Amino acid sequence: MRILLTNDDGIHARGLEALTEAVKDLGEVEVIAPEQEQSAASHSLSLHRPLRVRQHGPGRRSVDGTPADCVYLALHHLLRDARPDLVLSGINHGPNLATDVFYSGTVAAAREAALAGLPAVAFSLVAFKAFDFSHAAAFARRVVQAHQARPLPPGMLLSVNVPQGAPAGATLTSLGRHSYGSDVSEKDDPRGRPYFWIGGTSYGYEKLPGTDVVAVHDERKIAVTPLALDLSHAQGVAALQGWLPG
Ligand code: MN
């Protein structure tokens, strides 16, 4: 089996190293990851500049682009004659819970593979410092083994969030609801021009049963969320019947 590994924290990230170590003897592993950190890059593609690929030893390459660039280039060019059977992204240095999946480069890399019809799994460690990847890496290994025993369907996209410390098992979840607040800090630079830092720092979540945030934060379980690739909204179509101007 061929496995493509990527991430959004960059080729030198410890989470990617932990993931590589965990699965490298389970198949033919290729690592193609961004040269620089690309967290919150979401699903952007670099269509307006060239991309460079750098070799970092056998089966290990970086791309000076986004996570989605890496997977696109891997599937449609670099590995086109030896397409992977499974794509893994991560292990992200931080959570990708609830609406994080819209911003996440880790999830986007996996989604790019799923859009190309491959099963893909994004792994994220729910921690903000003192990252211990051991439990997440061990679970990633078991996920690959589970796929080998019973293959994930083509195009299946999973987002896995692993709590810090020993987890109390794993569970299938849906996306929850959370917020980091919506902080904007404004200051003046030394030349008197204002600058802005965006990004919230006050975290809260809703206690909705069966959701990823509750599984991870309250139950200390590994949350495995299958993600749909179709964002269209059937209820929206129903709610807007007769609304459209002619
Ligand atoms: Mn990241």
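Residues numbered from 1 in each chain as written. Predicted model: local features only at pLDDT ≥ 70, side-chain atom pairs only at ≥ 80, totals over all residues. Heavy atoms only, no water.

Enquirer: Got a minute to help me understand the coordination of the manganese ion in this structure?
Expert: Six octahedral donors at a metal ideally form angles of 90 or 180 degrees, and four tetrahedral donors ideally form angles of 109.5 degrees. Only Asp8 (OD), Asp9 (OD), Ser39 (OG) and Asn92 (OD1) from the protein coordinate the manganese ion, and they sit 2.1 to 2.3 Å from it. Considered as a linear motif, the donors of the manganese ion on their single chain read D-D-x29-S-x52-N. In this pair, Asp8 is assigned in the loop between strand S1 (2-6) and helix H1 (14-23) and Ser39 in the loop between strand S2 (28-34) and strand S3 (53-55), connecting sequence segments 31 residues apart. Residue classification places Asp8 among the buried residues on the basis of a relative accessible area of 2%. (Donors = N, O, S within 2.8 Å, 3.2 Å for Na, K, Ca; no water. Helix = DSSP H or I, 4+ residues; strand = E, 2+ residues; numbered from the N terminus. Buried < 20%, exposed > 50% of the residue type's maximum accessible area, 1.4 Å probe, protein only.)

Enquirer: Which parts of the structure should I look at to understand the sheet that holds strand S7 (residues 157-163)?
Expert: Two orientations exist for strands paired in a sheet by backbone hydrogen bonds: parallel and antiparallel. On the basis of which strands lie adjacent, the open sheet formed by 9 strands has the order S3-S4-S2-S1-S5-S6-S7-S13-S8 and mixed pairing. The sheet is open, and its two borders are formed by S3 and strand S8 (170-172), each paired with just one other strand. Across this sheet, the average inter-strand angle for adjacent strands is 20°, counted without regard to direction. Relative to the sheet, helix H2 (residues 67-78) contacts S1, S2, S3 and strand S4 (60-63), its axis offset from that of S2 by approximately 135°. This element, helix H4 (residues 105-115), spans S1, strand S5 (86-93), strand S6 (120-126), S7 and strand S13 (222-227) of the sheet and lies at about 170° to S6. (Pairing = 2+ DSSP bridges. Axes fitted to C-alpha atoms, helices over the stretch in contact; angles between N-to-C directions. Contact = heavy atoms within 4.5 Å.)

Enquirer: Honestly, the packing of H2 against H4 in this entry has me stumped. Any pointers?
Expert: Direction vectors running N to C along H2 and H4 enclose 25°, while the axes themselves pass 8 Å from each other. For the element pair H2 / H4, the angle class is roughly parallel. H4 is crossed by H2, and the crossing has right-handed handedness. Contact residues: Pro67, Ala68, Val71, Tyr72 and Leu75 in H2; Gly105, Ala109, Glu112 and Ala113 in H4. (Parallel < 35°, antiparallel > 145°, perpendicular 65-115°, else oblique. Left-handed = near helix turned anticlockwise from the far one by under 90°.)

Enquirer: Where do I start with the pattern of salt bridges in this structure?
Expert: As a working rule, side chains carrying opposite charge can pair if their charged atoms are close by. Throughout the structure, instances matching the rule amount to 9 salt bridges. Its salt-bridge partner being Asp25, residue Arg141 comes within 2.8 Å of it at the nearest N-O pair. Of this pair, Arg141 sits in helix H5 (residues 134-149) while Asp25 sits in the loop between H1 and S2, placing them 116 residues apart in sequence. Judged by its relative accessible area of 56%, Asp25 is exposed. (Salt bridge = Lys/Arg side-chain N within 4 Å of Asp/Glu carboxyl O.)

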